[in-house]
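Spelled out from the first residue to the last, the chains are:
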2 protein chains.
Amino acid sequence: MTQTVADTASVNDYIRRLGRTAREASQVLRSAPTAIKNQALLAMAQALEVEREALKVANDEDLTRARANGLSEALIDRLALTDARIDSMIKGLETVVSLPDPVGTIDQLKAQANGLRIGKRRTPIGVIGIIYESRPNVTIDAAALCLKAGNAAILRGGSEASASNAAIARCVVRGLEAAGLPAHCISVVETTDRAAVGALIQDSEHVDLIIPRGGKSLIERISRDATVPVLKHLEGLCHVYIDAFADLSIAEDIAFNAKCFRYGICGAMETLLVHESVATQVLPSLCARLEAYGVELKGCPATCEVVEMAAASEEDWATEYLGPTLSIKTVASLDEAMKHINHYGSHHSDAIVTEHLSNSERFMSDVDSSSVMLNAPTCFADGAEYGLGAEIGISTDKLHARGPVGLEGLTTQKYIVLGQGQLRG
Amino acid sequence: MTQTVADTASVNDYIRRLGRTAREASQVLRSAPTAIKNQALLAMAQALEVEREALKVANDEDLTRARANGLSEALIDRLALTDARIDSMIKGLETVVSLPDPVGTIDQLKAQANGLRIGKRRTPIGVIGIIYESRPNVTIDAAALCLKAGNAAILRGGSEASASNAAIARCVVRGLEAAGLPAHCISVVETTDRAAVGALIQDSEHVDLIIPRGGKSLIERISRDATVPVLKHLEGLCHVYIDAFADLSIAEDIAFNAKCFRYGICGAMETLLVHESVATQVLPSLCARLEAYGVELKGCPATCEVVEMAAASEEDWATEYLGPTLSIKTVASLDEAMKHINHYGSHHSDAIVTEHLSNSERFMSDVDSSSVMLNAPTCFADGAEYGLGAEIGISTDKLHARGPVGLEGLTTQKYIVLGQGQLRG
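Since the model is a prediction, treat every value here as computed from it, not as a measurement.

1. Some details on the pairing of strand S11 (residues 325-331) of chain A
Residue and element names in this part refer to chain A.
- Extensive coverage of S11 is indicated by the burial of 7 of its 7 residues.
- Side chains Thr325, Ser327, Lys329 and Val331 of S11 all project onto a buried face; the interleaved residues Leu326, Ile328 and Thr330 project onto the opposite face, where all are buried too.
- Of the strand pairs in this sheet, strand S8 (residues 269-275) and S11 are connected by 5 bridges, and their pairing is parallel. Across the sheet, threonine 271 pairs through a bridge with serine 327, a residue of S11.
- In the sheet, strand S9 (residues 296-299) pairs with S11 via 4 bridges, with the strands oriented parallel. From the neighbouring strand, leucine 297 faces S11, where its bridge partner is leucine 326.

Laid out in structure tokens, this is it:
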């Protein structure tokens with residue numbers, strides 16, 4: 001539920017009040033049946049449909065201010081709530097309704113020798129703070145995933161989208177109320193004061209997890225200053241390695257797709273590694289195709305001997321271009337490829353193309369990335385492609401959740417111990 | 001492997017060098033077969049046996065210094081390496097050898113519509129820093145668990161145990177070398193300079209996780225200053241709630257055992273909650289038994305009307321006594337009991353005694369603790385009792401691992417994506 005800052009003496013007090021009410025709501029939501037949560041999500045979808053025109057009016061207000069403030073066309077495009085985007089928000093809610101509810105699932109229940117049955121029961125995390133930038137659809141996507149996993153959420157969107165986010169928040173509250181859930185299950189921070197972010201990421205009494213969605217500098221700043229645990233999504237410096245034993249009839253397509261499916265996604269390939277024994281077979285045709293598509297190539301000396309291209313610098317190996325540039329390195333062995341990936345990569349997603357069983361096993365075991373792929377392009381790194389239905393982000397952390405994070409990553413497990421009067425000792 | 005500070009310009013450089021060598025060793029250890037890791041553990045056990053006298057001589061050095069420094073008898077007792085404790089270190093290694101290796105296990109492997117098979121593969125975390133206080137046996141316990149899970153470890157024990165820890169470290173290195181593993185798989189920090197801890201918990205380039213084992217103030221200080229993620233083990237303010245529908249023939253024993261099995265463990269009951277409808281049946285006999293055993297009782301007004309005892313203050317409900325004191329509160333409902341637990345408890349381990357199915361389900365669902373127990377005393381909260389074989393600690397964090405942490409909690413999962421040339425889009 002939205003609350004106004006005017007009620008409170010300071011931003012800190014305001015955020016702590018949001019935290020306290022979210023904590024209270026989370027204690028109700030923790031045990032809400034799946035049907036009630038789904039009812040709230042469907043009522044939100046209905047409210048978005050009914051409020052379609054009001055959403056566009058609110059969004060126009062943001063767009064007008066953005067233009068007056070001279071925001072770039074790219075940012076203004078991300079900010080715009082078109083009919084298609086409202087449709088997609090509604091469809092997103094319906095997708096989350098269709099996903100199985102992870103809460104209450106019991107795993108690994110085993111009887112011990114003394115008859116105690118001990119297992120793990122999946123349970124909501126509690127209160128999750130989401131901090132994001134301009135795209136207002138995140139408001140509804142994040143709210144839906146948190147709610148379905150039984151968590152209260154505090155959402156802090158970008159100031160440039162404040163009118164749109166407030167309008168969406170009204171639809172969220174209508175959905176919660178229609179299902180008889182506390183309105184504070186989802187709160188939208190209603191101040192553009194930057195101090196609100198600082199207060200939220202340090203309120204470890206009321207907030208269990210912070211998920212920042214945005215650029216690298218936002219995420220780094222939040223990770224540095226937060227005392228609440230942060231689920232980070234940092235860069236994707238992804239590699240495809242074409243092994244000496246690759247099926248060359250699929251290698252070229254995999255590499256091309258990994259780079260060109262979309263330049264801007266974190267699963268896009270940034271460096272191609274090719275075993276020297278297949279370099280002359282693979283590179284000429286692949287490089288011609290990439291260049292024809294508009295990709296600028298930068299190679300190591302051995303690569304430049306096979307195909308003429310600019311020389312890659314040391315910095316290139318460590319750069320996530322997120323654009324039409326690709327660095328290419330010829331390597332003498334699988335070991336050299338894996339060493340390069342573990343050293344320069346960002347431990348996001350890395351692929352090997354090979355038909356050699358031991359080489360594939362060594363790559364899967366030794367490459368320390370959140371996704372390791374065999375004979376598939378890195379651009380598949382995505383919650384929907386992984387069958388998660390939807391994702392709140394792609395974690396580059398090693399703990400808790402790694403890779404695309406769906407509903408399960410928004411829950412935790414507690415031990416259950418079921419006895420009949422057993423005593424210890 | 002132990003390194004001396006004299007080689008390096010400063011403690012910071014020394015710790016970073018330890019980190020770098022541990023990171024390198026972890027890349028070998030990541031794919032070490034189970035048999036090799038077990039061979040190292042058994043060779044460590046053998047070295048402890050062979051070096052038994054040398055261990056006791058080193059320990060005597062620590063004990064003499066401790067006595068000269070006026071350490072308390074309790075601390076001196078924790079520091080002592082008796083034959084029985086060396087036996088138990090050896091037995092601990094054999095236990096870890098017998099545990100199944102979690103590394104490489106693949107879960108949830110499913111085919112997607114496009115034929116990609118996607119699942120999760122369990123993998124070591126990387127490099128783990130363990131910071132602990134006086135008990136030297138932690139050196140070998142922590143080393144063994146980290147190694148079996150495929151992680152390199154950097155161990156920082158208390159300065160009062162430095163000679164003992166160095167002697168144990170020599171046995172660890174002999175074990176690693178006997179199995180052909182890099183000696184830097186396990187490093188013992190060989191400086192008593194406190195700055196070493198600060199450097200270790202901020203070396204996020206080389207260290208993936210910090211596990212502090214010690215008192216609350218140590219853990220709080222580390223959590224505050226660390227930039228590396230910390231797996232916390234904070235206090236256990238545990239409750240047993242005797243419901244209106246409890247089987248009274250088991251309730252008294254469960255409560256007595258929860259308090260008196262051992263006062264000093266984190267799973268010991270600190271507050272007993274009793275439903276008012278059974279208070280007069282339960283309390284007189286239970287309280288008499290507790291007092292006869294030497295437990296001091298403090299009650300709420302309603303409890304004091306049933307059994308004469310000191311009045312509990314507001315502060316009592318929030319106190320982890322870790323000793324022979326128990327606070328008792330009479331409650332009017334299951335809801336009041338759960339509200340008390342979620343408010344005053346530390347979310348560690350809490351138990352209900354009941355035969356009422358819905359009440360037990362509500363307790364399991366709504367009590368937000370790392371272990372929730374039915375008809376069993378909270379003192380069962382322990383890795384060995386849970387069938388984990390051994391534990392590195394009991395996590396009071398909600399993320400990654402919650403409750404007793406064994407080998408599985410020292411690993412993480414990466415996604416594997418197995419294709420045959422599928423492309424996206």
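We are not done yet, so read on.
2. As for the sheet that holds strand S4 (residues 152-156) of chain A
Residue and element names in this part refer to chain A.
- Pairing within the open sheet is parallel, and its 4 strands lie in the order S5-S4-S3-S6. With one partner strand each, in any of the chains shown, strand S5 (186-188) and strand S6 (209-213) form the two edges of the open sheet. For this sheet, the mean inter-axis angle between neighbouring strands, taken without regard to orientation, is 20°.
- Relative to S4, strand S3 (residues 127-132) runs parallel, the two being bridged by 5 bridges. Bridging across to S4, glycine 129 finds its partner in isoleucine 154.
- Seen against the sheet, helix H6 (residues 137-148) touches S3, S4, S5 and S6 and runs at an angle of roughly 160° to S3.
- Docked against the sheet, helix H9 (residues 216-225) engages S3 and S6, running at close to 160° with respect to S6.

3. Comments concerning the environment of alanine 351 of chain B
Residues and elements named next belong to chain B.
- Secondary-structure assignment places alanine 351 in strand S12 (residues 349-353).
- For alanine 351, a relative accessible area of 0% corresponds to the buried category.
- Placed 79 residues apart in sequence, alanine 351 and leucine 272 show a C-alpha to C-alpha distance of 9.8 Å.
- If we skip the residues at most four places from it in the chain, alanine 351 touches His239, Val240, Tyr241, Phe363, Met373, Ala376 and Thr378.

4. Some thoughts on the relation of the copies chain A and chain B
- Expressed as a screw transformation, the operator carrying chain A onto chain B has a rotation angle of 180° and an axial translation of 0.0 Å, and the superposed copies differ by an RMSD of 0.1 Å. On this basis, the relationship between the two copies can be described by a two-fold rotation axis. The rotation axis passes nearest to the C-alpha of histidine 400 of chain A in chain A, at a distance of 1.8 Å.

5. Overview of the sheet that holds strand S5 (residues 186-188) of chain B
Residues and elements named next belong to chain B.
- Strand order across the open sheet formed by 4 strands is S5-S4-S3-S6, with parallel pairing between neighbours. Edge positions in the sheet fall to S5 and strand S6 (209-213), since each has one partner strand and no second. In this sheet, neighbouring strand axes are inclined to one another by 20° on average, regardless of whether the strands run parallel or antiparallel.
- Pairing of strand S3 (residues 127-132) with S6 involves 5 bridges; the strand directions are parallel. Directly across from isoleucine 128, in S6, lies its bridge partner leucine 209.

6. A few points about the UniProt feature "domain: Aldehyde dehydrogenase" (unreviewed entry) in chain A
Residue and element names in this part refer to chain A.
- Sites flagged by UniProt as "domain: Aldehyde dehydrogenase" (unreviewed entry) map to residues 15-294 and 306-381.
- Helix and strand shares over residues 15-294 are 52% and 16% respectively, and the end C-alpha atoms of the span are 48 Å apart.
- Helix makes up 34% of residues 306-381 and strand 24%. Its end C-alpha atoms lie 31 Å apart.

7. Quick look at the packing of aromatic side chains
All names here are of chain A.
- Enumeration over the complete set of coordinates arrives at 5 aromatic pairs over all chains.
- Ring geometry for phenylalanine 256 and tyrosine 293: centres 5.2 Å apart, planes at 80°, overall edge-to-face. With phenylalanine 256 in helix H10 (residues 248-260) and tyrosine 293 in helix H11 (residues 279-293), the pair connects residues that are 37 residues apart, well separated along the chain.
- The exposure class of phenylalanine 256 is buried, given its relative accessible area of 13%.
- Among the aromatic residues, those joined into a ring-pair cluster are Phe256, Tyr263 and Tyr293.
- Here the guanidinium or amino end of arginine 289 rests over the ring plane of phenylalanine 256, the centre of that ring lying 4.1 Å away.

8. Here we look at the pairing of S9 of chain A
Residues and elements named next belong to chain A.
- Note that S9 and strand S10 (residues 310-311) share 2 bridges and pair parallel. Across the sheet, residue glycine 299 finds its bridge partner in S10, namely alanine 311.
- For the crossover that starts at S9, traverses helix H12 (residues 301-306) and ends in the parallel S10, the hand is right-handed.

Conventions and cut-offs
Residues numbered from 1 in each chain as written. Chains lettered and ligands numbered in written order. Predicted model: local features only at pLDDT ≥ 70, side-chain atom pairs only at ≥ 80, totals over all residues. Heavy atoms only, no water. Buried < 20%, exposed > 50% of the residue type's maximum accessible area, 1.4 Å probe, protein only. Helix = DSSP H or I, 4+ residues; strand = E, 2+ residues; numbered from the N terminus. Pairing = 2+ DSSP bridges. Axes fitted to C-alpha atoms, helices over the stretch in contact; angles between N-to-C directions. Contact = heavy atoms within 4.5 Å. Least-squares fit on C-alpha atoms with pLDDT ≥ 70 in both. UniProt positions renumbered as here; feature names shortened; annotations may be inferred. Phe/Tyr/Trp six-rings, centres within 6.5 Å; stacked < 30°, edge-to-face > 60°. Lys NZ or Arg CZ within 6 Å of the ring centre and 35° of its normal. Right-handed = clockwise from strand over helix to strand, strands pointing away.

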